[in-house]
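# Inside the fold
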Amino acid sequence: MSAVTLRKVFKRFGPVEVVHGIDLSINAREFVVLVGPSGCGKSTTLRMVAGLEEVSDGTIEIGGRVVNEVAPKDRDVAMVFQNYALYPHLNVAENIAFGLRLRRIKKDIITASVNDVAATLGLSELLHRRPADLSGGQRQRVAMGRAIVRQPQVFLFDEPLSNLDAKLRTQMRAEIKRLHRRLDATSIYVTHDQVEAMTLADRIVVMSDGNIEQIGTPMELFLNPINTFVAGFLGSPPMNQLEATVSYADGGPIAKVGSDIAIPLPELRQLRNAEGHPIIVGIRPEDTAVERNGAANAAGIKCDLDLVEPLGSEALVHVSVADHPVVLKTETRGAISHLSDVQEFFVQPDHIKVFDQKTGLALDHPEVA
Amino acid sequence: MTETVSQQGVRDAPTTGKFEARVRWLVRHFRKEWQIYVLMAPMIIWFLLFLYKPMYGLQIAFKDFSIFRGIEGSPWIGLEHFQTLLGNDQFFRAVGNTFIIAFLSLAFAFPVPIILALMFNEIHHRIFKKMAQTIVYLPHFISVVIIAGIVINMFSPSTGVVNNVMGMLGLEQVYFLVQPEWFRPIFIGSNIWKEAGFESIIYLAAIAGVSPTLYESARVDGATRWQMMWRITLPSIFPTIVIMFIIRVGNLVDVGFEYILLLYQPATYQTGDVINTFIYRQGLQGAQYDMAAAAGLFNAVVALVLVTAANALSRRVSRTSLW
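The structure presented is a predicted model; accordingly, all values stated were derived computationally and were not measured.

Here we come to the overall build of chain A. Each helix and strand in chain A was counted, giving eight helices and 21 strands. For the C-alpha atoms alone, the extent of chain A along its principal axes is close to 80 × 50 × 35 Å. At a minimum sequence separation of 6, the contacts of chain A that also span at least 24 residues come to 66%.

What follows is the structure in structure tokens.
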């Protein structure tokens with residue numbers, strides 16, 4: 001399996017630049033997920049790796065070889081598309097065998113490979129059906145089968161689960177993860193769904209407006225987002241962000257939100273002598289509690305209850321803090337009556353992230369400091 | 001028994017009141033959708049006036065028709081005209097010519113628009129593509145009379161460009177349009193030149209409907225442009241090809257009668273006289289309207305059989321059919 005390296009890669013469509021010189025190193029056998037909102041350049045980046053889009057500037061290497069001028073078929077990559085891209089006139093077996101037949105591989109080898117892949121993906125019973133006679137999940141499996149059967153150096157996935165319903169998406173996500181573990185192949189996966197990114201990736205690349213915002217393992221990104229964009233993109237619901245100014249009370253830094261709300265902040269070097277500095281206070285919904293529960297150092301923050309969304313075992317409590325909307329996530333085990341009189345919530349200062357309001361960067365992130 | 005008509009109308013109505021329920025449903029339907037019927041009206045009127053009303057006159061094929069006695073007053077003579085036709089060598093020659101020209105057209109003219117569309121699809125230079133398309137569409141918009149004039153001039157033995165070029169090459173000059181063996185190639189060839197471009201539009205539209213990701217996927221899989229054309233484009237537009245084929249078979253015996261009339265002459269009747277020109281000569285020039293009606297009816301029945309057979313065959317073989 002091959003490593004993939006992007007060096008200062010730009011993509012321009014006429015005068016419009018959509019990818020602004022990104023650098024990315026993907027190790028062999030690694031599962032990397034490119035995630036970001038629509039139009040952030042993630043699919044364009046993947047298509048440049050596949051060879052479906054030309055690189056305007058910079059280089060792309062696959063297995064140490066610069067592939068900028070190499071045709072897609074000679075890059076030894078396989079791609080799974082969002083709309084499956086199955087040939088409607090061919091049956092499942094012929095669809096899977098398509099790439100092998102183009103390479104004039106012997107018929108008996110093709111048959112054996114197709115049967116093997118079909119068995120892996122649970123398609124053995126469907127080999128003679130046409131794509132029109134398959135369900136969405138089955139079609140997606142065929143699309144993956146077509147990629148797997150070629151045993152490529154690199155797998156490219158372009159939002160492969162976007163067209164499936166929520167339940168099927170969860171199932172297929174697990175299947176892709178199992179498959180990657182089994183094939184141990186370098187994989188680049190594009191999605192706008194942060195849950196897919198968190199569950200599948202060895203490393204996540206968060207993109208925005210044609211730039212890479214942050215690269216790291218899912219937990220690194222979740223716990224230490226480099227900026228407000230990453231903080232707001234990963235996590236469901238995303239991190240609450242409150243505009244505030246730095247102040248001091250009882251010898252420690254606090255964030256003043258509005259005129260009368262004070263939130264204790266973690267003891268950070270960057271917060272020393274920063275009186276009045278505009279910041280953004282980041283609080284994950286999961287790090288909040290509606291009761292103190294014996295956490296002595298947890299700070300209580302006054303709030304006004306807006307509404308409660310019960311989700312079964314947990315509930316989302318929508319409140320406002322000095323007119324800023326905040327979402328709290330709390331375990332309920334089905335009992336939500338006590339949430340109707342929430343006037344205060346609790347959060348430990350160590351769990352609070354602090355961002356510079358001007359740059360949006362996290363004050364304590366190693367790459368920023 | 002009390003009759004009940006639900007929102008679904010006919011389907012839920014009891015069997016005894018089925019007719020009344022259907023009428024009520026129709027009234028309700030017309031009230032609700034009258035705008036659609038207003039839009040359809042001109043087409044329906046056209047069909048009734050020009051295609052259904054003349055069918056009344058078809059009975060003269062079975063009568064000894066005289067314009068003075070009129071359709072009603074002319075006596076029935078059964079299948080006499082058909083018997084006369086079947087004993088007429090000229091009619092048999094016309095039937096034979098119709099089928100030969102029709103099948104040659106099918107073999108040579110039918111694939112050309114498909115090939116043209118595939119070729120246009122491979123042109124990526126926008127201006128060149130538009131220019132090429134305009135050039136091949138243009139002849140369609142020229143009147144068939146002018147086309148015939150151009151062809152007659154092109155193949156003229158004295159001033160025709162073809163004979164001039166042949167003369168320059170030291171070849172003997174040929175009067176193509178009076179030689180029976182040249183009539184069919186010239187007729188079919190010039191027809192291809194006139195119509196192939198315009199007919200390619202429908203295939204281009206079908207090609208435009210093929211998902212671009214199929215090609216991208218094939219590129220990653222290792223397909224060349226030639227392979228993509230054979231393995232993706234052509235199979236993807238196959239249902240359109242089948243539908244066009246059925247329509248073409250339906251019109252098989254209708255081999256461009258006006259154009260033949262403009263191109264042929266007694267010297268080329270041997271290969272150029274078709275059923276429709278035969279009907280024209282019998283009916284209008286020879287005033288044998290009853291005989292011409294019989295020949296026309298024969299033509300229509302053959303067309304009906306052909307299109308039904310083609311449709312049934314296509315449904316069985318390719319799962320695509322017109323109805």
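With 17 residues of chain B at the contact, the number on the chain A side is 24 residues. Between chain B and chain A lies a buried interface of about 1,800 Å² when both sides are counted; carbon and sulfur atoms form 55% of it. Interface area lost by chain B to chain A is led by B:Val220, B:Asp221 and B:Arg231, which between them contribute 37%. Put simply, chain B and chain A have three salt bridges between them. Between B:Asp221 and A:Arg146 there is a salt bridge, and its shortest N-O distance comes to 3.9 Å. Within the residue set of the side of chain B that touches chain A, elements represented by two or more residues are helix H10 (212-221) and helix H11 (225-236) of chain B.

This brings us to the domain arrangement of chain B. What the domain assignment reports for chain B is domain 1 (1-45) and domain 2 (85-318). Centre-to-centre separation of domain 1 of chain B and domain 2 of chain B, based on C-alpha positions: 44 Å.

Turning to its location among the elements, B:Leu48 is positioned in helix H1 (residues 18-57). Looking at B:Leu48, the relative accessible area reads 49%, which means it is partly exposed.

Summed over all chains, the structure comprises 24 aromatic pairs over all chains. Centre to centre, the rings of B:Trp226 and B:Trp230 are 5.9 Å apart; their planes meet at 70°, and the pair counts as edge-to-face. Of the two residues, B:Trp226 and B:Trp230 are both situated in helix H11; the distance of four residues between them amounts to about one turn of the helix. For B:Trp230, a relative accessible area of 47% puts it in the partly exposed group. An aromatic cluster is built from A:Phe31, A:Phe155, A:Phe157 and A:Tyr189, whose rings are joined through pairwise contacts. When the ring centre of A:Phe13 is taken as reference, the NZ or CZ atom of A:Lys11 above it lies at 4.9 Å. Directly above the ring of B:Trp76 sits B:Lys63, whose terminal nitrogen or CZ lies 4.5 Å from the centroid.

Residues and elements named next belong to chain A. Taken together, the three strands give an open sheet; going across it, the order is E17-E18-E19, and neighbouring strands pair in antiparallel fashion. Whereas interior strands pair on both sides, the edge strands pair on one side only; in this sheet they are strand E17 (304-310) and strand E19 (324-331). Taking the axes of each pair of neighbouring strands and ignoring which way they run, one obtains an average angle of 20° across the sheet. When strand E18 (residues 314-321) meets E19, the two strands line up antiparallel, connected through eight bridges. When the bridges of E19 are listed, Leu316 appears paired with Lys329.

Residues and elements named next belong to chain A. What the four strands build is an open sheet, ordered E2-E1-E4-E5; its pairing is antiparallel. Unpaired on one side and paired on the other, strand E2 (16-26) and strand E5 (65-66) mark the two borders of the sheet. Here helix H1 (residues 42-50) sits on the sheet and contacts strand E1 (4-13), E2 and strand E4 (57-62); the angle it forms with E1, its principal contact strand, is near 115°.

On to the pairing of strand E14 (residues 278-283) of chain A. Residues and elements named next belong to chain A. The buried count for E14 comes to five of six residues, which makes it a mostly enclosed element. By the bridge criterion, six bridges tie strand E11 (residues 240-249) to E14 in an arrangement that is antiparallel. Paired with Glu243 across the bridge in E14 is Ile280. Both E14 and strand E21 (residues 353-356) contribute to a ladder of four bridges, which runs antiparallel. Note that in E21 the partner of Gly282 across the bridge is Lys353.

This part is about the packing of H11(B) against helix H12 (residues 238-250) of chain B. All names here are of chain B. Packing of H11 against H12 brings their axes to within 4 Å, and their N-to-C directions diverge by 50°. In terms of their interaxial angle, H11 and H12 are classed as oblique. Along its contact with H11, which presents Leu234, Pro235 and Ser236, the element H12 presents Phe238, Pro239 and Ile241. In the contact of H11 with H12, the residues fall into five nonpolar, one polar and no charged.

Within the secondary structure layout, A:Ala335 lies in the loop between E19 and strand E20 (344-347). Spatially, the C-alpha atom of A:Ala335 lies 32 Å from that of A:Asp260, the residues being 75 residues apart in sequence.

In this section: the packing of helix H9 (residues 180-208) of chain B against H12(B). All names here are of chain B. Contact pair H9 / H12: the axes reach a minimum separation of 10 Å and the direction vectors enclose 155°. As the angle between them shows, H9 and H12 are arranged roughly antiparallel. Note on packing geometry: the crossing formed by H9 with H12 is right-handed. Facing H9, whose interface residues are Glu199, Ile202, Tyr203 and Ala206, H12 presents Thr240, Ile241, Met244 and Arg248. Of the residues that constitute the contact of H9 with H12, the class distribution is five nonpolar, one polar and two charged.

Calculation rules
Numbers given for residues are sequential positions, taken from 1 along each chain in its written order. Here every chain gets a letter starting at A, and every ligand a number starting at 1, in the order they are written. Only residues with pLDDT of 70 or above have their local features reported here, since the model is predicted, and side-chain atom pairs are shown and tallied only from 80 upward, although totals for entire chains, interfaces and linings are computed over all residues. For the side-chain quantities, the full set of heavy atoms in the structure was used; hydrogens and water were omitted. Each helix is a run of H or I in the DSSP string that is no shorter than four residues. Each strand is a run of E no shorter than two, and both are numbered from the N terminus. What makes two residues a contact is simply this: any of their non-hydrogen atoms within 4.5 Å. For any pair of parts, buried area is found by adding up, for both, the accessible area (1.4 Å probe) each one loses once the two are put together. Whenever Lys or Arg places a side-chain nitrogen within 4 Å of a carboxyl oxygen from Asp or Glu, that contact is recorded as a salt bridge. Note that the domain bounds were set by an automatic or database domain assignment. Summary of the burial criterion: residues with accessible area below 20% of their type's maximum are buried, those above 50% are exposed, and those between are partly exposed, where the area comes from a 1.4 Å probe applied to protein chains only. Centres within 6.5 Å are what make two rings of Phe, Tyr or Trp a pair, Trp counting through its six-membered ring; a difference in plane orientation under 30 degrees is then read as stacked, over 60 as edge-to-face, and the rest as tilted. When the NZ atom of lysine or the CZ atom of arginine is within 6 Å of a ring's centre and also within 35 degrees of its normal, the charge is said to sit over that ring. Whether two strands pair comes down to DSSP finding at least two bridges between them. Working convention: axes come from line fits to C-alpha atoms, limited for helices to the stretch in contact. Angles between N-to-C directions cover 0 to 180 degrees. Should an angle fall under 35 degrees it is called roughly parallel, over 145 degrees roughly antiparallel, and 65 to 115 degrees roughly perpendicular, with every other angle called oblique. Three categories are distinguished: nonpolar for Ala, Val, Leu, Ile, Met, Phe, Trp, Tyr, Cys and Pro, charged for Asp, Glu, Lys and Arg, and polar for the others, with Gly belonging to the last. Each helix crossing is assigned a hand: it is left-handed if the near helix lies turned anticlockwise from the far helix by less than a right angle, otherwise right-handed if that turn is clockwise.

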